[in-house]
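The residues making up each chain are set out below.
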Amino acid sequence: MLKNRVIVITGGAGLIGQEFVKVVIKNGAIAVIADINTEIGKKVKKELSKKLNTDNIHFIKLDITSKKSLKKCIDKLDKKFGKINAIVNNAYPRNKNYARSFFDVEYEDFVENLGLNLGGYFVTSQQFAKYFQKQGYGNIVNISSIYGVVAPKFEIYEGTKMTMPVEYAAIKSGLIHLTKYMAKYFKGMNIKVNALSPGGIFDDQDPLFLSAYKQQCLSKGMLNKSDLAGTLVYLLSDMSQYVNGQNIIVDDGFCL
Ligand SMILES: NC(=O)c1ccc[n+]([C@@H]2O[C@H](COP(=O)([O-])OP(=O)(O)OC[C@H]3O[C@@H](n4cnc5c(N)ncnc54)[C@H](O)[C@@H]3O)[C@@H](O)[C@H]2O)c1
């Protein structure tokens, strides 16, 4: 479904990013891990290349919060491949005070985290869209979250050290609206912009939380990262040609 397409995945070295690299490779694409962490990025590239027996995985260092780094990245990719088909905005920058409980969040931290994350997704989309506009086509997929769609269900964190950060709610809901804004702004440019909002992804969380989370869902509860694969491929492929400005929620019914 993605044969020979050049697909850039920001945060491609992380939990969900690695899975996205796998699935685009399995669908015939050229995957670019664009991550700030060179050491892990190179390691992931090596391991996945071996596992999937492919030469089509590339690593490029990228800081999504820096216009300079973005320009350098786009320039390098253009020189190497002569085209970029899609950007998956999936990186997860946050500062050291991210995810404090509501009354402990300082104004400076709130603003910094919004800047790093939502601001980073904005400037990445802006710079790639500039390239897409010249190229005559392009595709942007923003990874949002169920918590960009519904208010937190705080009760599922009771008895654990976990919470749902206020910064996250602002970032992810903002991203869904930014998706619509950009889709409409790019009218006539042949650039598609959609969001994918995953439910919680299983990563050995506290069993108390896992069980409370599952009660809010329809069958499985927390998802495996591979459960997002079909929707990502759909959004990156021609199957979704006229799907634009949408948010697809993959959450086993958690938001209902
Ligand atoms: N894990 C979940 O349960 C879940 C659920 C819903 C949505 N999401 C979303 O999925 C996306 C990926 O989450 P994850 O859990 O895989 O995160 P993760 O922390 O495992 O990985 C994030 C990656 O982003 C990279 N990164 C951080 N700052 C960067 C920067 N400035 N520039 C480039 N790369 C940078 C990190 O090095 C890391 O490799 C995020 O947008 C997150 O909000 C995650």
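Details of the structure are given in the entry above.
Residues numbered from 1 in each chain as written. Predicted model: local features only at pLDDT ≥ 70, side-chain atom pairs only at ≥ 80, totals over all residues. Heavy atoms only, no water.

## Focus: the packing of aromatic side chains
Here's step 1: Tallying each qualifying case throughout the model produces 11 aromatic pairs.
Here's step 2: With a centroid separation of 6.3 Å and an interplanar angle of 80°, the aromatic rings of Tyr-185 and Phe-186 are classed as edge-to-face.
Here's step 3: With a relative accessible area of 56%, Tyr-185 lands in the exposed category.
Here's step 4: For Phe-186, a relative accessible area of 9% translates into the label buried.
Here's step 5: Among the aromatic residues, ring-to-ring pairing joins Tyr-147, Tyr-157, Phe-209, Tyr-213 and Phe-254 into one connected group.
Here's step 6: Stacked on the ring of Tyr-92, the Lys or Arg Arg-94 has its end atom at 3.6 Å from the ring centre.
Here's step 7: In this arrangement the basic side chain of Lys-153 is found over the ring face of Phe-254, its NZ or CZ atom lying 4.4 Å from the centre. (Phe/Tyr/Trp six-rings, centres within 6.5 Å; stacked < 30°, edge-to-face > 60°. Buried < 20%, exposed > 50% of the residue type's maximum accessible area, 1.4 Å probe, protein only. Lys NZ or Arg CZ within 6 Å of the ring centre and 35° of its normal.)

## A look at the pattern of salt bridges
Here's step 1: Applying the stated criterion across every chain, the model contains 5 salt bridges.
Here's step 2: Residue Glu-47 is joined to Lys-43 by a salt bridge in which the shortest nitrogen-to-oxygen separation is 3.9 Å. In this pair, Glu-47 and Lys-43 both sit in helix H2 (residues 38–52), 4 residues apart, roughly one turn of the helix.
Here's step 3: Its relative accessible area of 46% is what places Glu-47 among the partly exposed residues.
Here's step 4: Here Asp-75 ties to Lys-79 by a salt bridge, and the two come within 3.0 Å at their closest N and O atoms. Residue Asp-75 and its partner Lys-79 are both found in helix H3 (residues 67–81); the two are separated by 4 residues, about one turn of the helix. (Salt bridge = Lys/Arg side-chain N within 4 Å of Asp/Glu carboxyl O. Helix = DSSP H or I, 4+ residues; strand = E, 2+ residues; numbered from the N terminus.)

## A look at the side chain of Asn-113
Here's step 1: Structurally, Asn-113 is set in helix H4 (residues 107–135).
Here's step 2: With residues up to four places along the chain from it excluded, the contact list for Asn-113 reads Arg-94, Asn-95, Tyr-98, Leu-118, Glu-167 and Ile-171. (Contact = heavy atoms within 4.5 Å.)

## Some remarks on the sheet that holds strand E5 (residues 138–143)
Here's step 1: The sheet built from 7 strands is open, its strands ordered E3-E2-E1-E4-E5-E6-E7 with parallel pairing. At either end of the open sheet lies a strand with only one pairing partner, and these are strand E3 (57–61) and strand E7 (247–250). Along the sheet, successive strands turn relative to each other by an average axial angle of 20°, direction set aside.
Here's step 2: With respect to the sheet, H2 is in contact with strand E2 (30–35) and E3, its orientation differing from that of E3 by roughly 175°.
Here's step 3: Relative to the sheet, H3 contacts strand E1 (6–10), E2 and E3, its axis offset from that of E3 by approximately 150°. (Pairing = 2+ DSSP bridges. Axes fitted to C-alpha atoms, helices over the stretch in contact; angles between N-to-C directions.)

## Side note on the environment of Val-111
Here's step 1: Along the chain, the position of Val-111 falls in helix H4.
Here's step 2: Among the residues examined, Val-111 registers a relative accessible area of 39% and is labelled partly exposed.
Here's step 3: Each C-alpha atom of the pair Val-111 and Lys-42 lies 31 Å from the other, and the pair is 69 residues apart in sequence.

## A word on a positive patch on the surface
Here's step 1: A surface patch of like charges, here positive, comprises Lys-67, Lys-71, Lys-130 and Lys-134.
Here's step 2: At the level of elements, H3 and H4 are the ones that each hand at least two residues to the positive patch.
Here's step 3: Looking at the element boundaries, Lys-71 is found in helix H3.
Here's step 4: In this structure Lys-71 comes out as partly exposed when scored by relative accessible area, which is 45%. (Patch = residues over 30% accessible without salt bridge, like charges linked within 9 Å, V, L, I, M, F, W, Y side chains within 5 Å. Areas by Shrake-Rupley, 256 points an atom, 1.4 Å probe, with all protein chains shown as cover. Lys, Arg positive; Asp, Glu negative; His and termini not counted. Charge placed at Lys NZ, Arg CZ, Asp CG, Glu CD.)

## Some thoughts on the packing of H3 against H4
Here's step 1: At a closest axis distance of 10 Å, the pairing of H3 and H4 adopts a crossing angle of 35°. Between H3 and H4 the crossing geometry is right-handed. Facing H3, whose interface residues are Lys-67, Leu-70, Lys-71, Cys-73, Ile-74 and Asp-78, H4 presents Val-123, Thr-124, Gln-127, Phe-128 and Tyr-131.
Here's step 2: Considering only residue class, the contact of H3 with H4 consists of 6 nonpolar, 2 polar and 3 charged. (Left-handed = near helix turned anticlockwise from the far one by under 90°. Nonpolar A, V, L, I, M, F, W, Y, C, P; charged D, E, K, R; others polar.)

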